[in-house]
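# Fold and geometry: a report
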Amino acid sequence: VAGNILQWSAVNFAKGGAVMKDIAGQLVKAGPALATASHVVFTIGGNDLGVASSLMQVILSNDVSGVSQKAKDLKARLIATYNLIKGAARPNTKIFVVPYVDFISVGNKLPNEAGCHKIIEILNDVLKEASQAAGLDFIESVKTAFRGHEMFSADPFVDSLFSSSNAAHPNAKGYAKIGELVAAHLSGNQ
């Protein structure tokens with residue numbers, strides 16, 4: 001989406017359901033593109049945390065501390081994964097980490113809603129800390145991309161936690177909004 005907005009040649013190597021252990025294989029497939037890439041943009045970690053199931057753990061059991069610790073425990077693996085990505089790219093390639101959008105509803109439409117917001121915040125804090133440790137740029141603006149369009153809003157940019165096929169993932173409008181923010185960030189970091 002960001003590539004189209006910027007009219008840059010872009011290739012998407014994302015794989016639904018990918019976790020950090022899958023990155024090495026994705027980098028092999030991306031090898032020829034990485035050899036000439038000026039920018040690399042990615043997000044990883046949410047599936048390792050199990051965002052949808054972790055949020056359900058908070059909603060049903062109010063286990064904010066357990067899920068928070070699980071998110072914090074990802075940091076060392078994130079740094080290693082970020083360094084793996086960095087090592088696969090050319091030295092002058094600009095690499096950007098995309099955080100997770102806080103898509104949780106507002107107005108107490110979910111039990112323990114405040115705890116759910118806290119989990120997304122903690123996950124993003126860990127991603128940011130790991131990106132800083134690896135020397136990568138973090139696209140902060142994406143965190144609030146769905147403000148006013150959260151889950152269960154009149155015009156949501158994300159599918160419900162209870163969706164059978166795309167739980168807790170952006171819909172087309174959500175991906176468009178994220179792409180818009182990524183494009184704006186990239187255009188300022190050429």
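Residues numbered from 1 in each chain as written. Predicted model: local features only at pLDDT ≥ 70, side-chain atom pairs only at ≥ 80, totals over all residues. Heavy atoms only, no water.

## A look at the overall build of the chain
Along the backbone of the chain there are eight helices and three strands. N-terminal to C-terminal, the α/β element order of the chain is α-α-β-α-α-α-α-β-α-β-α. Taken over C-alpha atoms, the radius of gyration comes to 16 Å for the chain, in line with the 16 Å a tight globule of 190 residues would show. Counting only C-alpha atoms and orienting by the principal axes, one finds that the chain spans roughly 45 × 35 × 30 Å. Scored against the burial criterion, the 190 residues of the chain give a buried share of 44%. (Helix = DSSP H or I, 4+ residues; strand = E, 2+ residues; numbered from the N terminus. Rg over C-alpha atoms; globule rule 2.2 N^0.38 Å. Buried < 20%, exposed > 50% of the residue type's maximum accessible area, 1.4 Å probe, protein only.)

## A word on the environment of A89
Relative to the elements of secondary structure, A89 occurs in the loop between helix 6 (75-88) and strand 2 (94-97). Residue classification places A89 among the buried residues on the basis of a relative accessible area of 11%. Once the C-alpha coordinates of A89 and A35 are considered, the two residues, 54 residues apart in sequence, prove to be 6.6 Å apart. Excluding its chain neighbours within four sequence positions, the residues that come into contact with A89 are L34 and I95. (Contact = heavy atoms within 4.5 Å.)

## Digging into the packing of helix 5 (residues 64-72) against helix 7 (residues 113-134)
For the pair helix 5 and helix 7, interaxial distance at closest approach is 9 Å and the crossing angle is 15 degrees. It follows that helix 5 is roughly parallel to helix 7 by the angle criterion. Here helix 5 runs over helix 7; the crossing is right-handed. Contacts between helix 5 and helix 7 involve V64, V67, S68, A71 and K72 on the former and, on the latter, G115, K118, I119, I122, L123 and V126. Of the residues in the contact of helix 5 with helix 7, the class split is seven nonpolar, two polar and two charged. (Axes fitted to C-alpha atoms, helices over the stretch in contact; angles between N-to-C directions. Parallel < 35°, antiparallel > 145°, perpendicular 65-115°, else oblique. Left-handed = near helix turned anticlockwise from the far one by under 90°. Nonpolar A, V, L, I, M, F, W, Y, C, P; charged D, E, K, R; others polar.)

## Some details on the pattern of salt bridges
Evaluation of the coordinates by the stated rule reveals seven salt bridges. One salt bridge connects K75 with E129, and the closest N-O pair in it is separated by 3.3 Å. Taken together, the positions of K75 in helix 6 and E129 in helix 7 put the pair 54 residues apart, joining distant regions of the chain. Of the residues examined, E129 reaches a relative accessible area of 37% and is grouped as partly exposed. Here K173 makes a salt bridge to D155, at a shortest N to O gap of 2.7 Å. In this pair, K173 sits in helix 8 (residues 172-187) while D155 sits in the loop between strand 3 (137-138) and helix 8, placing the two residues 18 residues apart along the sequence. (Salt bridge = Lys/Arg side-chain N within 4 Å of Asp/Glu carboxyl O.)

These figures come from the coordinates and say nothing about function on their own.
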